[in-house]
Amino acid sequence: MKHVTLPALLLALILTPVLLLAQQPGTLETGYQLPPKVIVDILDAPPPPTAIISPAQDVMALLDRASMPKIADLAEPMLRLAGSRINPRTNGPHSPASILGITFKRIADGVETKVVLPPGVRISAPGFSPDGKWMSFTVNRPNGVELWMADTASAKARAVTAATLNALGGCDWLEDSSAMLCHFVVTGRGPAPTPPAVPTGPRIQENIGKAAPAPTFQDLLTNAHDEALFEYYFTSQLATVTPAGVTAPIGRPAIFGEAAVSPDGQYVLVARIKRPFSRLVTAGQFAKDVEIWNRKGALVRTVGEEPLGEGVPIGGVNVGPRAYRWNPLEPATVLWAEALDGGDPKKTVPARDRVLSVKAPFAGEPAEYAKTEFRFGGLSWTEKGVAMLSESDRATRITRTWLIDAPGAAPRKLWERKQQDRYTNPGTPMLRPGRGAVLQAGDAIYLSGQGASPQGDRPFLDRLNLKSFATERVFQTDDTSYETVAALLSDDGKRLLTRRETKTDFPNYYVRDLAAGTRRALTQFKDPAPQLTGIQKQLVTYDRNDGVKLSATVYLPPDYKPGTRLPFVLWAYPAEFTDAASASQVVGSPNRFTTISGASHLLFLTQGYGVMDNPTMPIIGPGETANDTYVEQLMASAGAAVDKIVDMGVADRDRIGVAGHSYGAFMTANLLAHGRLFRAGAARSGAYNRTLTPFGFQSEQRTFWEVPQIYEKMSPFFFAHKIEDPILLIHGEADNNSGTFPIQSERFYMALKGNGKTVRYVTLPLESHGYASRESNMHVLYEWITWFDKYVKNARPR
C-alpha cells in the first residue's frame with residue numbers, strides 16, 4: 001500500500017479546484033501558439049518583391065518586403081480619430097511600414113542597382129516622379145517621418161526633409177517633377193492636448209427633426225478632447241519640397257482634406273475641413289471649404305462649401321461640390337460635380353448631376369461641362385483632350401460611358417452595360433505614365449481587361465478607335481497561362497511589359513515584342529512556398545437547384561491519391577446580383593499560380609485537406625429585393641457546392657467544414673444556423689446581428705424599420721438556438737470595419753454559450769479587421785486547424 005504524506009495531500013487539495021477550473025469551458029488564455037512547422041516555414045519565408053514601373057518605362061523598382069510585422073509593431077501608441085488610426089509619436093498612420101529596401105532594375109538589360117539606405121529602416125509611400133528621374137518615399141523615425149528621394153540613374157538616396165512631415169497628409173509630385181507638395185507638422189505647435197483629469201460634464205448629442213441615417217462607423221470622435229486631438233494631429237502646413245531639399249511654404253496651416261497643385265504649377269486646389277466636427281461620420285464627410293489658392297497661399301476663388309455629411313440619404317451623395325479635380329491637360333482648370341436631386345437617389349429627376357468647370361484666372365460664373373441622367377461616376381481625358389465621362393444607376397445597375405470631344409460638344413455614348421456583367425466588360429483605359437491622362441495613339445486608346453469568359457479569366461489588351469468605336473485585339477493570354485499587361489513600352493502596342501504566371505510557373509515580369517513574337521524574362525522571382533509544389537487545381541462549374549450556374553476552384557494536396565475522399569474546407573463570400581445571367585458567370589482562372597499570404601485557408605492543403613475556394617454564392621433579386629430570399633439562396637448554393645465535390649469523388653460528405661471572413665463569416669454562421677451541411681465552421685471578423693447595423697449593410701440599402709423581418713431572418717444571432725454544429729469565432733479586438741464591431745462576435749458567443757452550443761471565441765489583441773502580425777496569423781491558423789481537426793477531419797460519423 002502506498003502512503004500519502006500530509007504535504008502531498010494538502011497540495012492535492014489546493015490544486016484540485018484549479019485543475020477542475022481548467023477542465024471547464026470558459027476563459028482560456030494560453031499565449032500565442034504556432035501551427036504545424038510546415039506552415040510556419042511557409043509564412044516566415046521572405047515574400048517576393050513588389051514591382052513598380054517608372055513613368056519613363058526604363059526602370060522597375062523592386063521593393064523588398066517583410067513577411068509580417070511583429071505584434072510589438074502593432075503595440076505602438078495609437079489614437080483613433082475620425083475614422084483614422086495614427087501613431088502620435090510619428091504623426092503618421094499607425095500601420096507599420098513594411099518595405100525593407102529598394103532595387104532599381106533596368107528594363108532594357110535587367111541590370112540591378114540597390115538603393116543604399118540606413119540600416120534597420122523601414123519605408124513607406126514609394127512613388128516615382130512623373131518624369132521617372134526620382135523615387136520618393138518616407139522613412140519613419142522614433143520622433144517623426146522624413147521624406148527621402150532617390151535618383152533612379154545613380155540609386156543614390158538622401159533625406160530631403162527632417163522628421164517633420166505630417167504623414168497623415170503625405171506628399172504628391174508636381175506635374176513637372178520639380179518638387180513635391182507636402183503636408184508638414186506646424187512649427188512650434190507645442191505638446192499634444194492632455195485629457196482632463198476630471199470630466200467637465202456629460203457628453204451630449206442632439207437631433208431636432210432632421211433625418212441623418214449613417215453607417216456604423218468606428219473610430220469616431222467621441223468628446224471635446226478627441227476633437228482637440230484631431231485638430232492637433234491633422235492640422236498641417238503645406239509646402240513644396242525639391243529634390244535638393246529646398247522647402248517653400250504655401251499659405252496658412254489648416255486641416256486639409258485635399259490639396260493639389262495645378263498642372264502649370266501656379267495654383268493649389270484645397271479643401272479645408274472646418275468645425276463643427278461630427279461624432280456620427282468620419283473626417284471624409286466633415287464640412288469643407290473648397291478653394292483655389294495661388295502659390296503663395298492667397299485665396300483666388302471659393303469653389304463652394306461641401307457641407308457636413310450627416311444628412312446624406314442612404315445610397316446618395318452630398319450636396320455642394322464633390323469629386324473636384326484639375327483637368328490634367330489644361331494649365332489651370334478645375335472641374336467638380338454637383339447633385340441636382342439633393343443627393344437623394346429616390347427622387348425622380350431628369351438629371352441627377354451636373355459637372356461644372358472654371359478656368360484661370362477664375363473669374364465669372366462656372367461653365368456647365370455636362371449633365372448626367374444617372375449618378376456621376378468619374379471623368380478622365382485622353383492625351384488629345386477627349387473626355388470620358390461615366391455614370392451609373394443604382395436601381396438598374398446600369399453603367400454608361402460617354403465621349404465628349406470638346407467642351408460644349410454633344411456626348412457620344414461609348415458603352416452601356418450592366419455593372420455586374422463581367423463577360424461584357426470592355427476593360428480599363430491605359431494611362432500615359434506620369435500624366436494622369438489616357439494614352440492616345442492616333443485615334444485609338446488601349447483597354448486592359450480581365451477577359452472573363454465561361455472558360456475563366458483570360459486577360460487581354462484591346463485597341464479602341466474613338467471615332468468608329470471599332471475594337472482590335474492586340475494581345476490575349478493563351479489558354480495555359482494568366483498574363484496581364486503591366487505597361488505599354490511603345491505607343492503602337494507592339495512592345496509590352498507583362499506579368500505572367502501558370503499553374504506551375506511563379507508570377508514574373510516579361511518584355512514582349514509582339515511583332516517579333518519574342519518574350520524575354522525580366523524578373524526571376526522564386527516561389528517562397530515550394531512545400532506546396534504539386535498542388536492539384538481545377539476550375540469547376542455546376543448548377544444550383546434553380547438553374548443558376550455556379551463556379552469554384554477545387555484544390556487537392558500535392559500527395560493526393562485518386563479515389564481518396566478527403567476532409568474539405570469550403571471558403572466563400574456571398575455577393576448580390578440583380579439578374580441570374582450575371583450571377584451565373586464564371587469567376588477565376590484555372591491557370592493562376594497558387595500564392596499564399598497570411599492566415600490563408602489554402603494552408604489546409606498541407607494538413608491533408610482539400611479546399612473548395614470561392615464557390616460562388618450569388619444572392620439574386622431585382623432592385624433591392626435580393627436579400628428577401630437570402631437564406632434560401634445561400635443554402636441552395638452551399639448545397640450545390642457540397643454535392644459537386646462529393647460527386648467528383650474527392651470529398652467525404654460527412655467531413656466538410658465551412659469558413660469565411662467578414663461577410664463570409666456572416667455566411668458561415670447562417671449556414672450552420674439553417675442546416676446541417678457542414679460538420680463545423682470558422683467565422684472570422686463577422687457580424688451576426690443585423691439590427692446593430694440598422695441603416696443597411698453590404699449591398700442592402702433598406703433600413704431595419706423598412707424591412708425588419710429581413711434583418712431578423714438574415715441574422716444568425718436570432719437562430720443561435722438552432723446551431724447544432726461547432727463554430728469557431730475569431731475577431732480582432734481593434735476591428736475598424738464599418739458593421740463588424742467586436743461586440744458582434746462577443747454577443748454571438750454569449751448567445752451560443754447560453755444555449756449550450758459548442759463554440760470557441762478567440763479575440764486578437766491590437767488586430768484590426770484583417771490580421772497583420774506574425775503572432776496573430778500563426779495563432780489563427782493554430783486555432784482553425786485544431787478546431788477542424790477535431791470537429792471535421794476526425795469527427796465521428798453522425
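Here the structure is shown first, and the text comes after it.
These notes cover the structure that comes with them. What you are looking at is a predicted structure, and each value in this text was computed from that prediction instead of being measured.

Details of the nonpolar core
Right, so step 1: Grouped together as the largest cluster of nonpolar side chains are 59 residues, with contacts concentrated most on F568, M612, Y630, F678, I727, L729 and F748.
Right, so step 2: Ranked by the residues each element gives to this core, the list is headed by helix α6 (residues 630–647), at 10 residues.
Right, so step 3: F748 has contacts with A669, Y688, P716, F717, A720, I723, I727 and L729, leaving out every residue within four places of it along the chain.
Right, so step 4: Among the nonpolar cores identified, the runner-up in size contains 35 residues, and W571, A659, A682 and I785 belong to it.

Quick word on the side chain of S236
Right, so step 1: Summarising the element assignment, S236 is placed in strand β14 (residues 235–241).
Right, so step 2: Only 3.1 Å separates the side chain of S236 from the side chain of H183, close enough to count as a polar contact.
Right, so step 3: The contacts of S236, once residues within four sequence positions are left out, are N166, H183, F184, V186, P253, A254 and F256.

Details of the packing of aromatic side chains
Right, so step 1: Evaluated as defined, the whole model comprises 28 aromatic pairs.
Right, so step 2: Consider the rings of F230 and F286, whose centres lie 5.5 Å apart with planes at 75°: the pair is edge-to-face. Remark: F286 occurs in the loop between β16 (267–273) and β17 (288–294) and F230 occurs in helix α4 (residues 224–234); sequence separation between them is 56 residues.
Right, so step 3: Each ring, one from F704 and one from Y711, has its centre 5.7 Å from the other, and the planes form 85°; the classification is edge-to-face.
Right, so step 4: By relative accessible area, which is 22% here, F704 ends up partly exposed.

Considerations on α6
Right, so step 1: Along its 18 residues, α6 runs 26 Å from first to last C-alpha, staying within 8% of the 26 Å computed at 1.5 Å per residue.
Right, so step 2: Of all 18 residues in α6, 14 are buried, a share of seventy percent or more.
Right, so step 3: At the C-terminal side of α6, G649 shows a positive phi close to 80°.

Details of the sheet that holds strand β36 (residues 508–513)
Right, so step 1: What the 4 strands build is an open sheet, ordered β34-β35-β36-β37; its pairing is antiparallel. The open sheet has two edge strands with one neighbour each: β34 (482–488) and β37 (518–521). Strand-to-strand twist of the sheet, defined as the mean angle between neighbouring strand axes without regard to direction, takes the value 35°.
Right, so step 2: Where β36 lies against β37, 4 bridges are found, and the strand directions are antiparallel. From the neighbouring strand, V511 faces β37, where its bridge partner is R520.

Observations regarding the packing of helix α2 (residues 37–44) against helix α10 (residues 774–793)
Right, so step 1: Two elements in contact, α2 and α10, have axes separated by 11 Å at closest approach and are oriented at 150°. Overall, the two elements α2 and α10 adopt an arrangement that is roughly antiparallel. When the axes of α2 and α10 are compared, the crossing they make is right-handed. Here I39, V40, L43 and D44 of α2 lie close against α10, whose contacting residues are R774, M778, L781 and I785.
Right, so step 2: Counted by class, the contact of α2 with α10 contains 6 nonpolar, no polar and 2 charged residues.

Points about the pattern of salt bridges
Right, so step 1: Taken as a whole, this structure holds 56 salt bridges when the rule is applied.
Right, so step 2: Salt-bridge contacts for K346 lead to E706; the nearest nitrogen and oxygen are separated by 3.6 Å. Here K346, found in the loop between β20 (333–339) and β21 (353–359), pairs with E706, found in the loop between β45 (680–684) and α8 (708–714); they are 360 residues apart in sequence, far enough to count as distant.
Right, so step 3: On the accessibility criterion, K346 (66% relative accessible area) is exposed.
Right, so step 4: A salt bridge links K549 to D543; the shortest N-O distance between them is 3.2 Å.

Here we look at the sheet that holds strand β38 (residues 536–543)
Right, so step 1: If you trace the 8 strands from one edge of the open sheet to the other, you get β38-β39-β42-β40-β44-β45-β46-β47, paired in mixed fashion. With partners counted over all chains shown, the strands left at the sheet margins are β38 and β47 (759–764), one partner each. For this sheet, the mean inter-axis angle between neighbouring strands, taken without regard to orientation, is 20°.
Right, so step 2: Sheet analysis places strand β44 (residues 651–661) next to β45, joined by 5 bridges and oriented parallel. In the strand pairing of β45, V658 is matched with G681.
Right, so step 3: The strands touched by helix α7 (residues 663–673) are β44, β45 and β46 (727–732); relative to β44, the strand with the most contacts, the crossing angle is about 140°.
Right, so step 4: α10 contacts β40 (566–571), β44, β45, β46 and β47 of the sheet and is inclined by roughly 160° relative to β45.

Describing the side chain of T498
Right, so step 1: Looking at where T498 falls in the secondary structure, it is placed in strand β35 (residues 495–501).
Right, so step 2: Classification of T498 as buried rests on a relative accessible area of 0%.
Right, so step 3: Polar contacts involving the side chain of T498 include one to the side chain of E483, which spans 2.6 Å.
Right, so step 4: With residues near it in sequence (within four places) discarded, T498 still touches E483, T484, V485, A486, N508, Y509, Y510 and R512.

Overview of the pairing of strand β15 (residues 247–261)
Right, so step 1: By the bridge criterion, 6 bridges tie β14 to β15 in an arrangement that is antiparallel. Pairing of L238 across the sheet is with I250, part of β15.
Right, so step 2: Of the pairings in the sheet, the one linking β15 to β16 comprises 6 bridges and is antiparallel in character. Of the residues in β16, the one forming a bridge with I255 is I273.
Right, so step 3: The hairpin formed by β15 and β16 contains 5 residues between the paired strands, and G265 there has a positive phi angle of roughly 80°.

A look at the pairing of β14
Right, so step 1: When you tally the buried positions in β14, you get 7 out of 7 residues, the bulk of the element.
Right, so step 2: Side chains T235, Q237, A239 and V241 project from β14 onto one buried face, and the interleaved S236, L238 and T240 project onto a second face that is buried too.
Right, so step 3: Across 6 bridges, the pairing between strand β13 (residues 180–185) and β14 is antiparallel. Paired with L181 across the strands is T240, a residue of β14.
Right, so step 4: Taken together, β14 and the strand that follows it, β15, pair antiparallel across an intervening segment of 5 residues, in which G245 is found at a positive phi of about 90°.

Quick notes on the rules
Residues numbered from 1 in each chain as written. Predicted model: local features only at pLDDT ≥ 70, side-chain atom pairs only at ≥ 80, totals over all residues. Heavy atoms only, no water. Core = buried A, V, L, I, M, F, W, Y, C linked by side-chain atoms within 4.5 Å. Buried < 20%, exposed > 50% of the residue type's maximum accessible area, 1.4 Å probe, protein only. Helix = DSSP H or I, 4+ residues; strand = E, 2+ residues; numbered from the N terminus. Contact = heavy atoms within 4.5 Å. Polar contact = N/O pair within 3.5 Å; in protein donor to acceptor, adjacent residues only side chain to side chain. Phe/Tyr/Trp six-rings, centres within 6.5 Å; stacked < 30°, edge-to-face > 60°. Expected span 1.5 Å × (residues − 1). Pairing = 2+ DSSP bridges. Axes fitted to C-alpha atoms, helices over the stretch in contact; angles between N-to-C directions. Parallel < 35°, antiparallel > 145°, perpendicular 65-115°, else oblique. Left-handed = near helix turned anticlockwise from the far one by under 90°. Nonpolar A, V, L, I, M, F, W, Y, C, P; charged D, E, K, R; others polar. Salt bridge = Lys/Arg side-chain N within 4 Å of Asp/Glu carboxyl O.

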